[in-house]
Amino acid sequence: MKKYRNLTTLVSLLSLLILVSFCLNSCSFVAIEANARGTVDLMENVTAYTDASELSKEENENFRDSFFSFSTELFKNSVDNSKNSLISPLSVIMALGMTANGADGTTLTEAEALFGGLDILNKSIYAYRQAQNSQLNTANSIWIKDERGFDVKEDFLKTNATYYGADAYLATFDEQTLADINNWVKENTDGEIEKILDELTPDAVMCLINTVLFDAEWSSPYTEFSKKTFHGLSDDCQAEMMTSSENTYLEGKNVRGFMKSYKGGSYSFAALLPEEGISLSDFISTLDGDTLKALFDERQKAPLRATVPSFSYDYSISASEIIADMGWQSAFSGEANFSKISDTPLNISEIIHKTHIDFKSSGTKAAASTAVVLTKTSAEVIMNEMIRLVFDRPFMYVIYDNNSELPVFIGTVNEIN
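### Focus: the packing of aromatic side chains
Okay, step 1: Evaluated as defined, the whole model comprises 22 aromatic pairs.
Okay, step 2: Here the aromatic rings of W218 and Y262 are separated by 4.3 Å at their centres, their planes lie at 10 degrees, and the arrangement is stacked. In this pair, W218 sits in the loop between β5 (204-217) and β6 (224-231) while Y262 sits in the loop between β8 (255-261) and β9 (267-274), placing the two residues 44 residues apart along the sequence.
Okay, step 3: Looking at Y262, the relative accessible area reads 0%, which means it is buried.
Okay, step 4: The side chain of K260 reaches across the aromatic face of W218, ending 5.4 Å from its centre.
Okay, step 5: Here K260 stacks its cationic end above the ring of Y222, 4.5 Å away from the centre of that ring.

### Considerations on the confidence of the model for the protein
Okay, step 1: Here the protein averages 88 in pLDDT, while 87% of its residues score no lower than 70.
Okay, step 2: For residues 1-37, every residue scores under 50 in pLDDT, and the model assigns this stretch six contacts once sequence neighbours within four places are set aside.
Okay, step 3: With pLDDT under 50 throughout, residues 379-384 is counted as low confidence; its partners more than four residues away or in other chains account for 13 contacts.

### Concerning the nonpolar core
Okay, step 1: Counting 113 residues, the largest nonpolar core has F70, I142, F311, I323, W328, F338 and M396 as its most contacted members.
Okay, step 2: Ranked by residues supplied to this core, first place goes to helix α3 (residues 89-100) with eight residues.
Okay, step 3: With 21 residues, the next largest nonpolar core counts Y169, L178, I181 and A371 among its residues.

Thresholds applied
- Residues numbered from 1 in each chain as written.
- Predicted model: local features only at pLDDT ≥ 70, side-chain atom pairs only at ≥ 80, totals over all residues.
- Heavy atoms only, no water.
- Phe/Tyr/Trp six-rings, centres within 6.5 Å; stacked < 30°, edge-to-face > 60°.
- Helix = DSSP H or I, 4+ residues; strand = E, 2+ residues; numbered from the N terminus.
- Buried < 20%, exposed > 50% of the residue type's maximum accessible area, 1.4 Å probe, protein only.
- Lys NZ or Arg CZ within 6 Å of the ring centre and 35° of its normal.
- pLDDT = per-residue confidence, 0-100.
- Contact = heavy atoms within 4.5 Å.
- Core = buried A, V, L, I, M, F, W, Y, C linked by side-chain atoms within 4.5 Å.

Quick look at the structure:
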């Protein structure tokens, strides 16, 4: 009888252990399935640095000069003269800045020259993120392949957590990871950009992703509408035109324009129209950072009437060759040095940039996303005369941050669809 009781107890204990094991396995499975990305959040145990010192006035001016230079060169090299174009220099520089925090040697030196100093860039992005309001939202994330032998250094994660507010995820880099990355972009652009990547190649071990979402109503919505001919590059068409009275006038060599403010006054839309007889592409070819910056710094108060078309479109580019041509050549070669990320040799294989804009009577919604994929290496003037500007032919525009005095988006309108 005693043996029987002992046997019964043993069977009961075994049954309990099996049940507990089943529950634990089930609970673990549910927890993994319930994870926001189906991945491991690497930032849960990473503490951001507390020292993110403020910029001096001189550093801020240097950053602004560098940002205008970078933005103008990126725009000139990205624009498609045969159709509507749009880039967000803010999105691109954030994604590249995160990547550059892992660079060393020549790869770091080239990045410093391109950005005007990595320390200043980091501190400037930190300050920008602290000052942004609900009309403009930025998000950053780092996706890391869960692969034996590929270990990412904590200092790299801490730096990007501090200055860029970046999330970091350890993932399998399979079809589910691809879906997770694209869903992250879709969520952070409010569905305006549904997909940033088409695939993850077997050699891809890290993706650094940025999104920028701008959504603002006009301080004074458009109330005057008319149908007018827009003289596009390939054809003339009847366009829905919007007219308003404004008071900020822009003028430079061979170009005139205006600025219209969004509600709250933090951001403005600036439209730039080349003089008659000068094509938009020819005007853009003459631009540099100083001339674009001067257009905003030397804006004038003047009464004006401006007529612009409503428009909406998407744009995308592969920016790898563009960034290499702008000076960061070693980052894409077998000589790339990203040793501050990992001891595994890495280089940039791809930079993808996608944008969307809706410009309408109530306001503007614009979105951008940039993905960097790393693989293993084998003064005011008062004017009394009313100025009239009609944007009925190709023109350039900027969404301008009035507080930081930086261009957030730069685009062209060559056709009205």
